[in-house]
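Coordinate analysis (summary)
Each chain, letter by letter, is given below.
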Amino acid sequence: MAAIYSLFIINKSGGLIFYKDYGSAGRMDTNDSLRLASLWHSMHAISQQLSPTIGCTGIELLEADTFDLHCFQSLTGTKFFVVCEPGIQHMEALLKHIYELYTDYVLKNPFYEMEMPIRCELFELNLSQAIRKDRIGLVGR
């Protein structure tokens, strides 16, 4: 069974710019993934405003019975979040690595327009390798 079920990348306006499903069960259609991304963006923004902690950057981890949702927000406001098996502890490092791939292969691509959906073969190839490497690392733990 896969540790990571899906990956979402949301632009600073709350629009879904990348979605990849890695799980075999419970696949979402396009409308559901758009709704989930929009809902997460809104919850993240509300949590920043309601938090009693000064300098709160929003929800980083949402734990449920059947999944965990880990989120990383870049300084530009782009959010990266993965839905994964419950109890996985290393997702922050993986999300930061995905962000590095995003900066290397998407933002440096001269044909990519900011805030638009990501269509970059090198990004998807390196992302798949990172996820595969992460899965192998989980088996060895």
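To be clear, the structure that these remarks concern was listed above.
If you're wondering where the values come from, they're calculated on a predicted model, not measured in any experiment. Residue positions are given per chain, counting from 1 as you read along its sequence in written order. Owing to the predicted nature of the model, reporting of local features is limited to residues with pLDDT of at least 70; listing and counting of side-chain atom pairs is limited to 80 or more, with chain, interface and lining totals taken over all residues. Side-chain measures here rest on the full set of heavy atoms in the structure, leaving out hydrogens and waters.

Digging into unusual backbone geometry
What you tend to see is this: most non-glycine residues have negative phi, and most peptide bonds are trans. We count it as follows: Categorising residues by exposure relies on relative accessible area from a 1.4 Å probe, with only protein chains included: less than 20% of the type maximum marks a residue as buried, more than 50% marks it as exposed, and the intermediate range marks it as partly exposed.
Positive phi, normally seen in glycine, also occurs at E115, with a value near 70°. For E115, a relative accessible area of 26% gives the class partly exposed.

Some remarks on the pattern of salt bridges
Going by this rule: Here, a salt bridge means any Lys or Arg side-chain nitrogen found within 4 Å of an Asp or Glu carboxyl oxygen. A run of DSSP states H or I qualifies as a helix once it reaches four residues; a run of E qualifies as a strand once it reaches two. Both are numbered from the N-terminal end.
Summed over the entire model, instances satisfying the criterion amount to three salt bridges. One salt bridge connects K96 with E92, and the closest N-O pair in it is separated by 3.2 Å. In this pair, K96 and E92 are both assigned in helix α2 (residues 91-107), four residues apart and thus about one turn of the helix distant. The shortest N-O distance in the salt bridge between D104 and K108 comes to 3.3 Å. On the accessibility criterion, D104 (38% relative accessible area) is partly exposed. Relative accessible area serves as the criterion here: at 61%, K108 is assigned to the exposed category.

Section: α2
Test applied: Here a helix's expected span is defined as the number of its residues, less one, multiplied by 1.5 Å. The arc in question is the one traced by the directions running from the helix axis out to the C-beta atoms.
Its 17 residues give α2 an end-to-end C-alpha distance of 22 Å, which sits within 8% of 24 Å, the value for a rise of 1.5 Å per residue. Where α2 is concerned, the buried positions are M91, L94, L95, I98, L101, Y102 and V106. Taken around the axis of α2, the buried residues stretch over an arc of 115°, which confines them to a single face.

Re the nonpolar core
This is how the line gets drawn: Remark: nonpolar core denotes a set of buried residues (Ala, Val, Leu, Ile, Met, Phe, Trp, Tyr, Cys) joined through side-chain atoms within 4.5 Å. Every residue pair with non-hydrogen atoms within 4.5 Å of one another is taken to be in contact.
The biggest cluster of nonpolar side chains holds 26 residues, and the ones touching the most others in it are Y102, I118, F123 and L127. When contributions to this core are tallied by element, the ones reaching two or more residues are β1 (4-10), β2 (16-21), β5 (79-84), α2 and α3 (121-139). Leaving out residues up to four positions away in the same chain, I118 has contacts with I9, I17, F18, Y102, V106, Y112 and F123. Of all hydrophobic cores here, the second largest spans nine residues; its members include L16, A37, L69 and F81.

Overview of the sheet that holds strand β4 (residues 68-73)
The cut-off we apply is this: Here, any two strands with at least 2 DSSP bridges between them count as paired. Lines are fitted to the C-alpha atoms to define the axes, a helix being fitted only along its stretch in contact, and any angle between axes, read from their N-to-C directions, falls within 0 to 180 degrees.
The strand order across the open sheet built from five strands is β2-β1-β5-β4-β3, with neighbouring strands paired in antiparallel fashion. Pairing within the sheet leaves two strands with one partner each, and these edge strands are β2 and β3 (61-63). Shown here is a sheet whose adjacent strand axes are inclined to one another by a mean of 10°, direction ignored. As paired strands, β3 and β4 are joined by three bridges and run antiparallel to one another. The residue bridging E63 from the neighbouring strand is D68, located in β4. Against the sheet, helix α1 (residues 30-50) contacts β1, β2, β3, β4 and β5, and its axis sits at roughly 70° relative to β1.

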